[in-house]
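# Descriptive structure summary
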Amino acid sequence: TVGIGEARAQGVPPATTTAPALPRRIVPGDTSLRGARLCADTLVYALTGFRDGDEIPVGTITDILAREEGDAPRLRRTMSVQRGQSRLLDSTVTDMQTLAPRMHFSVQPQRQLRIEFTGSRVRGTIGPVDAPGVAIDTTLRSPVFDSGNWDLVVRAMPLAPGFAAVFRVYDLETGMHD
């Protein structure tokens, strides 16, 4: 073992330690994102619960990602959750190049949500399935990603050693989150 003082005496430069880089803030349109590499796919997950060591089937999640090519390529994602007789549907449209959200539609047994994103503006309605919804109209400080697609943002990042990032998502019920 050679100490730092001994290493200098022997002409060996001292070991340097560098602090980890601060995470890069990713926003829609960031040049590091590669939304075009996201592939169309259908995934089906089994929902299971455990009680007293027994595995109990609870339902399924079907996640469909489709690519819509054209002048403004988009990603359309439809996620459905089937749990007994209850079904939840969540559908989003995202700009393929920038991953900026365009639309989010969600139907649950007791609630319906429809929001549209235009830059940092979020407009739409939320309310019971069988009645008119309450209007939503807010302008955020900056453009954000849709909380329903956070995993697509991660999949579009250049996940290489040393890469660190943080990004902000908007969730209608809980607001913005990093």
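Since this is a predicted model, take the numbers as computed values, not measurements. (Residues numbered from 1 in each chain as written. Predicted model: local features only at pLDDT ≥ 70, side-chain atom pairs only at ≥ 80, totals over all residues. Heavy atoms only, no water.)

### Observations concerning the nonpolar core
The cut-off we apply is this: Think of a nonpolar core as a cluster: buried Ala, Val, Leu, Ile, Met, Phe, Trp, Tyr and Cys residues, connected wherever their side-chain atoms sit within 4.5 Å. Relative accessible area decides the class of each residue, using a 1.4 Å probe on protein chains only: under 20% of the type maximum gives buried, over 50% gives exposed, and in between gives partly exposed. Residues count as neighbours in contact if any of their non-hydrogen atoms are within 4.5 Å of one another.
The biggest cluster of nonpolar side chains holds 14 residues, and the ones touching the most others in it are Leu33, Leu99, Phe145, Val153 and Phe167. The contact partners of Phe145, leaving out residues within four places of it in the chain, are Ile26, Val27, Pro28, Leu33, Thr98, Leu99, Pro101, Val153, Phe167, Arg168, Val169 and Tyr170. By size, the runner-up hydrophobic cluster in this structure holds eight residues, among which are Leu113, Phe117, Leu140 and Tyr170.

### Some thoughts on the pairing of strand β3 (residues 54-68)
Rule in force here: What makes two strands pair is DSSP finding at least two bridges between them. Helix numbering and strand numbering both begin at the N terminus, where a helix is a DSSP run of H or I of at least 4 residues and a strand a DSSP run of E of at least 2.
As defined by bridge partners, strand β2 (residues 41-51) adjoins β3 across eleven bridges and the pair is classed as antiparallel. Directly across from Asp41, in β3, lies its bridge partner Leu65. Hairpin geometry of β2 and β3 is characterised by an intervening segment of two residues between the two adjacent antiparallel strands and by a positive phi of about 50° at Asp52. By the bridge criterion, nine bridges tie β3 to strand β4 (residues 74-83) in an arrangement that is antiparallel. Within the sheet, the bridge partner assigned to Thr62 lies in β4 and is Ser80. If you look at the hairpin formed by β3 and β4, you'll find five residues sitting between the two strands, and Gly70 has a positive phi there, around 145°.

### Concerning the layout of surface pockets
The following threshold applies: Whether a set of points on the 1 Å grid over the protein atoms alone is a cavity depends on a 1.4 Å probe fitting there but being unable to get out, while an open set qualifies as a pocket with protein on both sides within 12 Å along at least five of seven lines; lining residues are those with an atom within 4 Å of a point. Grid points are joined across faces, edges and corners, and a volume is the space filled by probe spheres set on the points.
Each pocket or cavity is described by its volume, and for the largest pocket that value is around 310 Å³. Considering the residues around the largest pocket, the lining is formed by 20 residues, among which Asp90, His104, Ser106, Gln108 and Arg111 are closest to the centre.

### A short note on empty space enclosed by the protein
Spelled out, the test is: Residue polarity is assigned by list, with Asp, Glu, Lys and Arg as charged and Ala, Val, Leu, Ile, Met, Phe, Trp, Tyr, Cys and Pro as nonpolar; anything else, Gly included, falls into the polar class.
By the definition in use, this model includes two cavities of 30 Å³ or more. In terms of lining residues, the largest cavity is bounded by Thr94, Leu99, Phe145, Asp146, Asn149, Leu152 and Val153. Counting only elements with at least two residues in the lining of the largest cavity, the list comes to β10 (145-146) and α2 (150-156). When grouped by side-chain class, the residues that make up the lining of the largest cavity number four nonpolar, two polar and one charged.

### Regarding the confidence of the model for the protein
The cut-off we apply is this: Scored from 0 to 100, pLDDT records how confident the predictor is in each individual residue.
Residues with a pLDDT of 70 or more make up 86% of the protein, whose mean pLDDT is 87. Mean pLDDT across the secondary structure elements of the protein bottoms out at helix α1 (residues 4-9), with 45, and peaks at strand β6 (residues 101-107), with 95. Across residues 1-8, where pLDDT falls below 50, the model places six contacts with residues more than four positions away in sequence or in other chains.

### Quick word on unusual backbone geometry
One non-glycine residue, Asp52, lies in positive phi territory at about 50°. Relative to the assigned elements, Asp52 resides in the loop between β2 and β3. Look at Leu99: it is not a glycine, yet its phi comes out positive at around 65°. Looking at where Leu99 falls in the secondary structure, it is placed in the loop between β5 (86-95) and β6.

### Some thoughts on the sheet that holds strand β9 (residues 134-139)
Test applied: Axis definition: a line fit to C-alpha positions, over the contact stretch in the case of helices; interaxial angles, taken between N-to-C directions, run 0 to 180 degrees.
The strand order β2-β3-β4-β5-β6-β7-β8-β9 describes an open sheet built from eight strands, whose pairing is antiparallel. The open sheet terminates on both sides in strands that have one partner only, identified here as β2 and β9. Adjacent strand axes in the sheet meet at a mean angle of 10° when their direction is disregarded. Bridge analysis of β5 against β6 gives six bridges, and the strand direction is antiparallel. If you follow Asp90 over to β6, its bridge partner there is Ser106.

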